[in-house]
Every structure is written in structure tokens, then in C-alpha cells.
Protein chains: 2
Amino acid sequence: MSLDHARAKPHDRLAAALEEDLLAVGALIRERMQSEAAPRIPQVTAHLIEAGGKRLRPMLVLAAARLMGVGGSYHVHLAVAVEFIHTATLLHDDVVDDSKQRRGRPTANLLWDNMSSVLVGDYLFARAFQLMVEPGNLRVLDILANAAATISEGEVLQLVAARDLGTTEETYLKVIRGKTAALFSAATQAGGVIAGAGADAEAALREYGDALGIAFQIVDDLLDIEGTAAIGKNRGDDLREGKLTLPVIRAVAAADGEERAFWTRVIARGQVEDADVERARALMERHGALESTRAEAELWVARAKAALARLPEHPLREMLADLADYVVAREV
Amino acid sequence: MSLDHARAKPHDRLAAALEEDLLAVGALIRERMQSEAAPRIPQVTAHLIEAGGKRLRPMLVLAAARLMGVGGSYHVHLAVAVEFIHTATLLHDDVVDDSKQRRGRPTANLLWDNMSSVLVGDYLFARAFQLMVEPGNLRVLDILANAAATISEGEVLQLVAARDLGTTEETYLKVIRGKTAALFSAATQAGGVIAGAGADAEAALREYGDALGIAFQIVDDLLDIEGTAAIGKNRGDDLREGKLTLPVIRAVAAADGEERAFWTRVIARGQVEDADVERARALMERHGALESTRAEAELWVARAKAALARLPEHPLREMLADLADYVVAREV
């Protein structure tokens, strides 16, 4: 490892520590995304999966499994299954959101068509379940099937809650548990299970993944408002799509009559002009909604780290703790 | 049973023989399609699943399991899982085909939106895998995961082959194996496995389902050309969508120069006028493509019945044989 440990970002340090496993993950991804019958499948998959995603979810599987002393190689299967489920949800999300860009490249639905994105997503779901059958561990299958159900429930809930100013913080939490935390927690929990972790460690790993995922998504939503333009993402996208993120929910709750009219026009009616993105940010700031949302994210980071403390000491445990800190510190 | 056995249609006789199991299937469908988090999910699901589908695939599971002497109730779980996978593929297909009608009612993508259809389909896939984890039978999970992969491969292949006059009969067979036969054969095979069938019976059940599914889809494609208008389906839909079905492939292979120009305009370029549907039918008839396609379907029916002959004698076995005959005899 030639990286400067103190300065490298936590996910880079994790990647270095898990280098060999990640190479095996990459090889298995390329093997299992093939389809003899339909060559378009690996084309669409490769476009997305090789576009330089951070492989965060596979790393969570691998780190949890290694931390619990995994033997054999089925943690690699599991990491690929989790990445396939993630890729399938991205393909379907981009259809649902009619997205044009992802990871700085045109989306698959734009390059090919919505149909290909829907069907290749379905294929990757199926391949994920095939991969999980191989280790023969029913608990792992159970965890991943539950995660898949929670993910789609969260997405449907988000769809129904969009443009609804009455959306509660409770609903927001359900939405982000579905869209992000469910797969994070399934990754860490199942990583532990495949390594033969006991019930306490399994619960701690699940709670870590859940809290990390929630913190991650809260910050993601914040960055849409106050972040510098990230690659492949435009500031204010959530606002334009009428998504009720936590700072919006809090600003709406504190709004006076005039502000409420603004939110009704922008969120409920979807009439968004360029200047509205800045006005929305200013309103959130006025009511302390950005600050309190950041505090909420930090609360979840603390929960994530508290869960980790119940696990055995290990260099990977420290990296996972640093990762939790980084999730709220990052700027993209 | 008050039905006149000799006259009732085979699937009605199967439904009568499996009445108790089918009631349990209906109850479990209603239980498992719920979502506390997202009430839109059961709304969309109910619209499709209660629209009077024939429950053919669940019946194949139940018949195979009963034929092999199943005990317990996990064959009901499996039947619901298969129906959920089928419903998920219908939801996604209607998005892919931009369909307006299914089973005589407006499609979910029309009543709600494409997003709901994509996400509710994903939810049902996940619920199907949850259901299959419960019996704790890894072979069943393997069979269903493989079927799910083959289904999406077949759908992608159909997408890529559409409007391609060079499509071969081999490709057509792969497409219909994916879109129809894969779930039929998974239903009968897994039904046997859950009943503890031996390897020979399992193989015979798989072959029966595969051959039945292929015959079923060939006839479905024929009915699009020569059938009376079925509820919720318009004659000539496949032609308008540029689908290369078996009689089209055979008529194209036998076409003279002028006919080839016709197929190029209609299929490859997608310029279809109302009179073209009848002209296409006449060209297929001229080259005997309709007749030879029907013979092909009958060949698969014979294969289905030959596979059945390797299974123990049982009233359900005779009903499955009658079902195979009915598949080519039906007019809708």
C-alpha cells in the first residue's frame, strides 16, 4: 500500500485494504453480467457498472465479512450480488426519474431506451439471486430478498410522496431507508452472516449499515442544495423533481404564509424557475433547516459508530468508523 | 364438482380439481401483495392480478406438486411466487411495449404511470423470492432464479430482434422460451421438487412445462394473425410492433422480390397500414406458413404429452395432457 494513510479518503483506504477481494469482485462481475442469448445485456451493464462507481456496497460486504474472519470466497459472490442489485435499481431509477446523466455519462435509458434499462435491470436482479443461491445460505437469501422488497417499497413511497407538502419526517425516513439504507444494511449484515458471525455481531453490522445509509442519504440530499456541482449531478435536481427531502420538510413546517405560497408553487405545482433554487436554499437557511438536517446526519453517524463499537477490534473496523465520519464531511 | 367433465375446458377442470389449493393461493396472494409503507403497491397489483387471469401458472405448480404427492402447504407458496413473477413480467412488459390494454382493462402504466409499473414489478419480484426462501428449499430457489434470468434474456432478445428481417427460427425459439416456456417449466419442475420428486420425474415435469409453454406461445402468435379478436388484444398487434413470429419468419424466408419489399416496409420500417394486416396474413397463407406453424405447435404438444407419459398415472396427469391438446385447439 503506497497511499498516505492519514490523508487518503476512507473509501480509498478500504479499497486498498480489500484490494485482492475487489479484484475478484471485478472479475466475477464481468463473468456474470454476460448473456449468450442477448449481447445487449452486457453492453448496457458495462456502460453503468464500469463507469467508475465507488463500489461502496461491495466494499461494505467485504469489510464486514473480513472483519468477522470469513473463510472461502462466497463473500465475493455476495458482494457481486449486492452490486448487481444496486445496478438494477440505478437502471430502473433512471427510467423512473427520466434521468439523462449518471456518473458523468449519458444514462442507459438515453443511450439505448427505457425498455433495455427495465429488462437489463430485471436480468441483474435475477443474476443476483442466482449468485446468492450458490453459497447455499438461506439466511443470506432472506436478508437480500427483504432488502429488495424494502428498496422498491421506498421507491414507490417516494413516487407517491413527491410534490406532497404534507410529507412527514417519518415518511422521509422510510423513503431513504428504502432507497439507500436497506441495501447498505443488507450488505453489512449478510457479509457478517456469510462469515458465520453470531447474533450480536450480526445485529451490530446491520445497525451500522442502516445508520450509515441513512446518514449517507441525508447528506446526499443536503448536497443537492448546498453542494458544489458534483460530476453528473445538477444542484437543485431534487427540487425540480418535487422531492420532499428533510431540509425541505423542515423549512415547509416553519414557513409563513408567503413562504408557503412559494413552496406550493415550486414543490406542489412544479413551477420551478432558476432563481427558485437559490430562494429555496435561503428559506431553508433562515429557518435553520440546513443546520438541523446536518445535525440529524451526524446523529446517525454517531449511531453507526456506536454499533461498530460492539464488534471485534480490527483495522477494518476503524476504516468503517472513518467512513461514517467521511459520509458527513464529504463535499461531493 | 358440478361441471360436466367431458365438456368443461381443461383449465376449468384443473381449477375444479385444485379448488382448495387455489383458494389458499388467492388468500396468500392478497396477504403478500400488501405493503404497509406504500399502499399504491397493492392497488396496482390488485388491478392486474384480480383482473381475471386464468391462474394457469399457479395451476401448473399445484398440479405438478399434487401429482407427485406433495404434503404440507409450501406448494401454495411456490404457486404464489410463480404468479408474482408472472405479474411482475406483465407489468414490465406493458411498459416496454407501451401497451394500453391487458385482460380487457386499461394497463397499469396507463392508469398510473410507467414508474409505478416498474417499481411494483420490482416489489413483486422481491416478494416472490421472499416466498421462496420460506420453504428453505435451495433447489426451488435455483430453478426460479434461473427462470427469472431466462425470462429477461428472452425479453431483451425480442427487443433486439424486433424489426430485424434476418431473425432466425432459432432466435424465435430462444425468445419464446424466455417469454413463456421458462416460467411454465419452472412451475412444473419446482412443483415436483417441492413434492420430493426424483430426478426422472423432475426432468419429465420440466420437459412438459417447456414444451407446453412453447406450444402455447406459438399458438398465441398464430392467434394474433388468424384469431377472432380476443378480449383485450387486437389482431395484428405483433405485426405493428415489428415482432418476428414464426409464421412471419417462414413467410419472409419464402418471399419473392415484391413480397420482400412488403415485409421490409411493414416489419423493418414499421410502416403499417390497416390493409397490411390482411395482406400479411394472405402472404403467410400462400406459403403455407400458418399451416406449418400450427404443425410445429402440435409437435411441441406431442413432446409435452410424451414427457407426461413418464410420470405416474393420476387424474391430474390426464388433465395436464388435455391442457396440452387444448393449447393448440383454443381460439382465444
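Here's what I pulled together on the structure shown here. (Residues numbered from 1 in each chain as written. Chains lettered and ligands numbered in written order. Predicted model: local features only at pLDDT ≥ 70, side-chain atom pairs only at ≥ 80, totals over all residues. Heavy atoms only, no water.)

Digging into the relation of the copies chain B and chain A
Using the following cut-off: Superposition of the copies used a least-squares fit over C-alpha atoms from residues whose pLDDT is at least 70 in both. Residues count as neighbours in contact if any of their non-hydrogen atoms are within 4.5 Å of one another.
Superposing chain B onto chain A takes a rotation of 180 degrees plus a shift of 0.0 Å along the axis, which leaves an RMSD of 0.0 Å. Put plainly, the chains are arranged around a two-fold axis. Looking at the interface residues of chain B, 100% of them are also at the interface in chain A, so both copies use one shared face.

A few points about helix H7 (residues 114–133) of chain B
Put simply, the test is: Secondary structure is summarised from DSSP: a helix means a run of H or I of at least four residues, a strand means a run of E of at least two, and numbering begins at the N terminus for each. By this rule the span expected of a helix is its residue count minus one, scaled by 1.5 Å. The buried label goes to any residue with under 20% of its type's maximum accessible area, the exposed label to any with over 50%, and the partly exposed label to all in between, with areas taken from a 1.4 Å probe on protein chains only.
Taking 1.5 Å of rise per residue, the 20 residues of H7 of chain B would be expected to cover 28 Å, and the 29 Å separating its terminal C-alpha atoms lies within 8% of that figure. Of all 20 residues that make up H7 of chain B, 18 are buried, and the element is covered over most of its length.

Describing the environment of aspartate 322 of chain B
Residues and elements named next belong to chain B. Here aspartate 322 lies in helix H16 (residues 315–329). Considering only alpha carbons, one finds aspartate 322 and leucine 14, 308 residues apart in sequence, at a separation of 9.9 Å. Not counting the four nearest positions on each side in its chain, aspartate 322 is found in contact with Pro10 and Arg13.

Brief notes about the interface of chain B and chain A
It is common to give the size of an interface as the accessible area that goes away when the parts come together. So the rule is basically this: Once two parts are brought into contact, the accessible area they lose, counted with a 1.4 Å probe and summed over both, makes up the buried area. Any Lys or Arg side-chain nitrogen located within 4 Å of an Asp or Glu carboxyl oxygen qualifies as a salt bridge. Pairs of N or O atoms are called polar contacts if they sit within 3.5 Å, as long as, within protein, a hydrogen donor faces a hydrogen acceptor (for residues adjacent in sequence, only side-chain-to-side-chain pairs). Three categories are distinguished: nonpolar for Ala, Val, Leu, Ile, Met, Phe, Trp, Tyr, Cys and Pro, charged for Asp, Glu, Lys and Arg, and polar for the others, with Gly belonging to the last.
Residue-level contacts link 38 residues of chain B with 38 residues of chain A. Of the roughly 3,500 Å² buried between chain B and chain A, counting both surfaces, carbon and sulfur atoms make up 77%. Looking only at chain B, the three residues that lose the most surface to chain A are Leu119, Leu138 and Glu153 of chain B, adding up to 16% of its buried area. Summed over the shared surface of chain B and chain A, the result is zero salt bridges. The interface formed by chain B and chain A includes eight residue pairs in polar contact (both at pLDDT 80 or more). At the level of secondary structure, the elements contributing two or more residues to the side of chain B that touches chain A comprise helix H3 (40–49), helix H5 (74–96), H7 and helix H8 (138–161) of chain B. The biggest single contributor to the side of chain B that touches chain A is H8 of chain B, with 14 residues. Partitioned by chemical class, the residues of the side of chain B that touches chain A number 22 nonpolar, seven polar and nine charged.

Side note on the side chain of glutamine 158 of chain A
Residue and element names in this part refer to chain A. Counting through the fold element by element, glutamine 158 comes out in helix H8 (residues 138–161). Assessed through its relative accessible area of 13%, glutamine 158 is described here as buried. Excluding anything up to four places from it in sequence, glutamine 158 contacts Val175, Lys179 and Lys243.

Let's talk about the side chain of aspartate 93 of chain B
Structurally, aspartate 93 of chain B is set in helix H5. Judged by its relative accessible area of 15%, aspartate 93 of chain B falls in the buried class.

A look at the packing of helix H10 (residues 199–226) of chain B against H16 of chain B
Residues and elements named next belong to chain B. We count it as follows: To obtain each axis, a line is fitted to C-alpha atoms, and for helices this fit is confined to the stretch in contact; angles are then taken between N-to-C directions over 0 to 180 degrees. Here roughly perpendicular refers to angles of 65 to 115 degrees, roughly parallel to angles under 35, roughly antiparallel to angles over 145, and oblique to all remaining angles. In this scheme the crossing of two helices becomes right-handed for a clockwise turn of the near helix relative to the far one and left-handed for an anticlockwise turn of less than a right angle.
In contact at an axis separation of 8 Å, H10 and H16 are set at 20 degrees when each is read in the N-to-C sense. One element, H10, and the other, H16, form an angle in the roughly parallel class. Read as a crossing pair, H10 and H16 show a hand that is left-handed. Taken together, the residues of H16 that come into contact with H10 (itself represented by Tyr208, Leu212, Ala215, Phe216 and Val219) are Leu320, Leu323, Ala324, Val327 and Val328. Of the residues contributing to the contact of H10 with H16, the split by class is 10 nonpolar, no polar and no charged.

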